[in-house]
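Inside the fold
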Amino acid sequence: MEKRGPVLHIVVVGFHHKKGCQVEFSYPPLKPGEGHDSQSLPEEWKYLPFLALPDGAHNYQEDTVFFHLPPRCGDRTTVYGVSCYRQIEAKALKVRQADITRETVQKSVCVLSQLPLYGLLQAKLQLITHAYFEEKDFSQISILKELYDHMNSSLGNTSLEGSQVYLGLSPRDLVLHFRHKVLILFKLILLEKKVLFYISPVNRLVGALMTVLSLFPGMIEHGLSDCSQYRPRKSISEDAGLRENTPRLDDCVSVSAADASNANLGMGKGDRKMAGNNSLEGQKANVPFSQPEKTCNGAQSSSSTVQRLKVPSRASPASSESDWETLDPSILEESTLKEGERENPASEQAENLQSNGMSSEGLPITVQPQANTGHMVLVQGLVSGLEEDQYGMPLAIFTKGYLCLPYMALQQHHLLSDVTVRGFVAGATNILFRQQKHLSDAIVEIEDAHVQIHDPELRKILNPTTADLRFSDYLVKHVTENRDDVFLDGTGWEGGDEWIRAQFSAYLHALLAAVLQPDNEKILSDFGTAFVTAWKNTHNYRVWNSNKHPALAEVNSSHPFQGQYSVSDVRLRLSHSVQNSERGKKIGNAMVSTSRNVVQTGKAVGQSVGGAFTSAKSAMSSWFSTFTHSTQSLGD
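Residues numbered from 1 in each chain as written. Predicted model: local features only at pLDDT ≥ 70, side-chain atom pairs only at ≥ 80, totals over all residues. Heavy atoms only, no water.

To keep it simple, the criterion reads: UniProt positions are given in the numbering used here, feature names are shortened, and annotations may be inferred rather than shown by experiment.
The name recorded for the protein chain in an unreviewed UniProt entry is AVL9 cell migration associated, from Ficedula albicollis. The protein chain has a UniProt comment under Sequence similarities (unreviewed entry) that states "Belongs to the AVL9 family."

Pasting the structure below:
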């Protein structure tokens, strides 16, 4: 197959007064054999125009969108899209086509890439979009072709390591805005819940959502390759058909127990030790950006017995996470052969399996290398299929029907209730998404930094422990230090973006190390006993726990902020409860009402002040009795 660069297509999407959003230009053409001005779309990418030109875009002069597209037949991984939208007055155009009948012209220029370099692509694309609009003649497409060639030449050797992956994603700003709630967002995604982010315009939406994901080690670099595996709905009746008919082959994951066992035998001891940055870079340099082809129907030929893991046959609140179980005990059994008996190297293993007719998607590659060298080593996980480090990061959260959609068009609304979608982290700007609360477990209103969790039981599970409150307070204090100093703000290590990511990485590593310890009930209680119990039922935990990660033996297996209960913890709990509980909000409203009335004069004002104080006293008394009970139970 011809080797391709990281950028697949440059696409221009415009708004037509009769046809709506449509593709006006693509380079190379989206469908082979068609012209650059063809409006025809691959079936897998039928929502592209609505993602690139977002809903409500006419309210803004410009905007930026991050979005994900499902892989096309023959590819394996997510396609990452970045779109820059602008609008211009029609009278300012030098060349005005006949179909331009409105006062303004709205268009988006977008890049479809195989690399999740959102901020880097955005920075380059914004400059080109500005220049494209400054031409005031949209028939001048040479600049777009030059953009395609330039991006592929400049990004061709780009490694998914380093700060450029996180360009434009600021955990510092996230902590300043959400404060102690950032850890709740982190845990919500760990539990693989249905989480909907909401705000307008889109650039604020996708920025906040992707910044939360950047807190998970390795997630953006290697954890999103399977995050958009959905099928566009062809008709209104198709959704009903999905519920009635049995799943097709491409809805199944085929794993041959014999092949998986043989694959484990193929990795010799010497082949495991791929330590060192040079070998890692060499390994990456030899891998073309174009992915190997697979059969479109997802079928795999194998002479041995195959276990097919199907999606749930119906959508029901009673169906649990176990319906999506992806692990089979026969696959995970350790080989009894000694290291010296393992003869086939990893490269021969891949060639042998492919020559036997097994597609690359089902290729089971060995688990983590056992050599504890301390170097950064990435290998493809046996079960997750993701490139993992020695700790098993990134966690296999966005796999097997758990979607990541930074921006979700209204035309994709059916995905929220699709039986083949077990969960999602999605962003929306249309209020219809927010109003249908029954389709999500939590709604994150970014404007007000409000995390609305619908299920009371889930709220209890996510209620922060004392150690969690200390951790969150530690982050907030370091981020807010020197905030008023324009010269020092955000320039130091402590309180900076990379520092915050390091804290969440340490938190997650400590949690993983803790679950491996015997008699760990006391240790896990600092993370939240109910939370850990719920997390152990998730797909990502089961996948992670199926492998061995000896590097975690060197990680401290206790909460970073464990310790005895103190007076400062009471203040933290009080502050958190006031900010997040309904009674706390009533106290705040009563105090605001009191403050407003105190500065006024007159008899009526005195009566109002008295009423406000009475309201505050009753709310405070009721809330404090509940708080005292909760602190006593924590102390016990």
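We are not done yet, so read on.
**Here's the deal with the confidence of the model for the protein chain**
Condition: Summary of the metric used: pLDDT quantifies the predictor's per-residue confidence within the range 0 to 100. Residues are treated as being in contact if the distance between any of their heavy atoms lies within 4.5 Å.
When the pLDDT values of the protein chain are averaged, the result is 74; 62% of them are 70 or greater. Counted against residues more than four places away or in other chains, residues 236-375, with its pLDDT under 50, gives 205 contacts. Below pLDDT 50 for its whole length, residues 630-636 participates in 5 contacts with residues either more than four positions away or in separate chains.

**Quick word on the nonpolar core**
The nonpolar side chains of a soluble globular protein tend to be buried with one another. Our working rule: Side-chain atoms within 4.5 Å link the members of a nonpolar core, which is a set of buried Ala, Val, Leu, Ile, Met, Phe, Trp, Tyr and Cys residues. In this scheme, a residue with accessible area under 20% of its type's maximum is buried, one over 50% is exposed, and one in between is partly exposed, where area comes from a 1.4 Å probe on protein chains only. For the purposes of this entry, the term helix denotes a DSSP run of H or I that reaches at least four residues, the term strand denotes a run of E that reaches at least two, and both are numbered from the N terminus. Residue ranges for the domains trace back to a domain assignment, done automatically or taken from a database.
In terms of nonpolar packing, the biggest core is built from 137 residues, with Leu48, Leu190, Leu224, Phe398 and Leu511 touching the most fellow members. The biggest single contributor to this core is helix α17 (residues 497-515), with 10 residues. Each of domain 1 (7-158) and domain 2 (169-232 + 377-562) gives at least three residues to this core. Non-local contacts of Leu48, meaning those with residues more than four positions away in its chain, are made with Val11, Val23, Leu30, Leu41, Phe67, Leu69, Cys110 and Leu112. Leu382, Leu386, Ala396 and Val543 belong to the second-largest nonpolar core, a separate cluster that totals 5 residues.

**Re the sheet that holds strand β12 (residues 423-428)**
The criterion, for reference: We call two strands paired when DSSP finds no fewer than two bridges between them. A fitted line through C-alpha atoms represents every axis, and for helices the fit uses only the stretch in contact; the resulting angles, taken between N-to-C directions, go from 0 to 180 degrees.
What the 5 strands build is an open sheet, ordered β11-β12-β6-β13-β14; its pairing is mixed. Strands at the two margins of the open sheet, each flanked by one partner only, are β11 (402-405) and β14 (450-453). Strand-to-strand, the axes of this sheet are offset by a mean angle of 15°, without reference to chain direction. As paired elements, strand β13 (residues 442-445) and β14 share 4 bridges and run antiparallel to each other. Along β14, the bridge assignment pairs Ala442 with Ile453. Across the sheet, helix α5 (residues 182-190) is in contact with β6 (195-198), β11, β12, β13 and β14; its angle to β14 comes to roughly 40°. Here helix α6 (residues 202-213) sits on the sheet and contacts β6, β11 and β12; the angle it forms with β12, its principal contact strand, is near 150°.

**Quick word on the packing of aromatic side chains**
As a reminder of what qualifies: Note on aromatic pairs: the rings of Phe, Tyr and Trp (six-membered ring only in Trp) are paired at centre separations within 6.5 Å, and the planes decide the class, stacked below 30 degrees, edge-to-face beyond 60, tilted for the rest.
Considering all chains together, one arrives at 18 aromatic pairs under this definition. Pairing Tyr27 with Tyr148 gives two aromatic rings, centres 5.2 Å apart and planes at 90°, and the pair type is edge-to-face. Placement of Tyr27 in strand β2 (residues 20-27) and of Tyr148 in helix α3 (residues 142-155) is noted, with a sequence separation of 121 residues between them. Geometrically, the ring pair formed by Tyr132 and Phe133 is edge-to-face, given 6.2 Å between the ring centres and 90° between the ring planes. Take Tyr132 and Phe133: they sit in the same class, and that class is buried.

**Focus: the packing of α5 against α17**
Under the convention used in this document: In this scheme, roughly parallel covers angles under 35 degrees and roughly antiparallel covers those over 145, while 65 to 115 is roughly perpendicular and the rest are oblique. Crossing handedness: left-handed means the near helix sits turned counterclockwise from the far one by under a right angle, and right-handed means the same turn made clockwise. Note on residue categories: nonpolar means Ala, Val, Leu, Ile, Met, Phe, Trp, Tyr, Cys or Pro, charged means Asp, Glu, Lys or Arg, and polar means any other residue, Gly included.
In contact at an axis separation of 13 Å, α5 and α17 are set at 45° when each is read in the N-to-C sense. As far as their axial angle goes, α17 and α5 are oblique. Pair α5 / α17 crosses with right-handed handedness. Packed against α5, whose contacting residues are Val182, Leu183, Phe186, Lys187 and Leu190, the element α17 presents Phe504, Tyr507, Leu508 and Leu511 at the interface. Class assignment for the residues of the contact of α5 with α17 results in 8 nonpolar, no polar and 1 charged.

**What to know about the pairing of strand β4 (residues 79-89)**
β4 sits mainly inside the fold: 10 of its 11 residues count as buried. Pairing geometry for strand β3 (residues 62-69) and β4, over 8 bridges, is antiparallel. When the sheet's bridge partners are listed, Glu62 is paired in β4 with Arg86. Pairing between β4 and strand β5 (residues 104-113): 10 bridges, direction antiparallel. Paired with Ile88 across the strands is Val105, a residue of β5.

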